[in-house]
Amino acid sequence: MSSANSTALSRHPSFLLVGIPGLEKEQFWIAFPFSMLYALAVVGNVALLVFIKTVPSLHEPMYLFLAMLAFTDLVLSTSTLPKMLSIFWLGSRDISFLSCLLQLFFIHTFSIVESRVLMAMALDRYVAICYPLQHSSILTVPVLVMLGSLVLLRAVVLVIPVCFLLHRLSFCQSNVISHAYCERMALVKLACGDTRVNIIYGLSVAFVVVVFDVTVIFVSYTMILRAVLRLPSTDARLKAFRTCTSHICVMLTFYIPALFTFLTHRFGQSIPHHVQIVVAILYLLLPPMLNPVVYGVRTKQIRDRVVLLL
């Protein structure tokens, strides 16, 4: 009986999250700016969801995509920050294997969802600018609901095998995760035995998602740029450029930290580990905090509603 318990313990132990390796003494204070970013992200995204729901003029494809983005950002940041802050402030580093898998599932699923929503928003802008007369007939509310459901379903289908492959591993070495949250590669590095399938599948999913989404976004904005340059009015060109610039800034704040985190796991041995962890945390915090600010500033109805509330 004790042998069976010992085997189960070695397969699926509880883990200890370090936080930010090398900055354990300083992370109590580092947590304060992180908590402020998280608070801004929650307030901003909840406000966006409320505004889009209550303002009839915002019931358009672009803003419905923005509502999907706001919901995704809320889930993405909330799945990590509360636990992270409990590590930094309370020293509560323990996390069970199932809780770790659940956190990892939400992080990876909604990272894929966010990437796909950003891609859908790029396509929406392409249709709105290049085919304005057909825009409302192509992107109807039922189409948007179906598209959002397919995006979520596809992300779940891609991430479930990641969790299954991790569940079948044995963890008979250290149970200390050198990270502030349950990150897939940090967990794989603690496993015994052959982890090549885990690594290959994870790389394949990341490569397919990022390359496909970034390619579609790049092609969409290239076509948009060509269409904008053909507009006869200077004011119309400037307005279209400003809209596209804000969209591109949002996408860069998501993809640059994501690519940095992805590449440093494989090729960033010379980069200090605490720098990698801080960038990985910012990857989950900056887009959720900046998205409501960027889109709120660019949307007159939202801007007016905020001014009215203040």
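Each value, and the rule that gives it
- Residues numbered from 1 in each chain as written.
- Predicted model: local features only at pLDDT ≥ 70, side-chain atom pairs only at ≥ 80, totals over all residues.
- Heavy atoms only, no water.
- UniProt positions renumbered as here; feature names shortened; annotations may be inferred.
- 1 Å grid on protein atoms, 1.4 Å probe; cavity = no way out; pocket = protein on both sides within 12 Å on 5 of 7 lines; lining within 4 Å.
- Points joined across faces, edges and corners; volume = space filled by probe spheres on them.
- Helix = DSSP H or I, 4+ residues; strand = E, 2+ residues; numbered from the N terminus.
- Nonpolar A, V, L, I, M, F, W, Y, C, P; charged D, E, K, R; others polar.
- Expected span 1.5 Å × (residues − 1).
- Buried < 20%, exposed > 50% of the residue type's maximum accessible area, 1.4 Å probe, protein only.
- Contact = heavy atoms within 4.5 Å.

You'll find the protein chain entered in an unreviewed UniProt entry as Olfactory receptor, with Eudromia elegans given as the organism. Of the protein chain, the UniProt comment under Sequence similarities (unreviewed entry) reads exactly: "Belongs to the G-protein coupled receptor 1 family." Per its UniProt entry, the protein chain bears the Function (unreviewed entry) comment "Odorant receptor."

(A) Structural detail: the layout of surface pockets. The volume enclosed by the largest pocket comes to roughly 700 Å³. Every residue lining the largest pocket is counted, 31 residues in all, and those nearest its centre are His-108, Ala-206, Val-210, Phe-262 and Tyr-283. Of all the elements in the fold, those that place two or more residues in the lining of the largest pocket are α5 (97-130), α7 (141-167), α8 (184-188), α9 (196-229) and α10 (234-267). Grouping the amino acids of the lining of the largest pocket by side-chain chemistry returns 22 nonpolar, six polar and three charged.

(B) Local environment of the UniProt feature "transmembrane region" (unreviewed entry) in the protein chain. The positions UniProt marks with the feature "transmembrane region" (unreviewed entry) are residues 28-51, 63-89, 95-113, 143-167, 199-224, 244-263 and 275-295. When the span residues 63-89 is considered, its composition is 93% helix and 0% strand, and the gap between its end C-alpha atoms is 37 Å. Along residues 143-167, the helical share is 100% and the strand share 0%, with 36 Å between the first and last C-alpha atoms.

(C) Examining α7 more closely. Taking 1.5 Å of rise per residue, the 27 residues of α7 would be expected to cover 39 Å, and the 39 Å separating its terminal C-alpha atoms lies within 8% of that figure. Residues Leu-144, Val-151, Ala-155, Val-159, Val-162, Cys-163, Leu-165 and Leu-166 constitute the buried set of α7. Those residues of α7 that are buried lie in contact with α3 (61-78), α5, α8 and α9.

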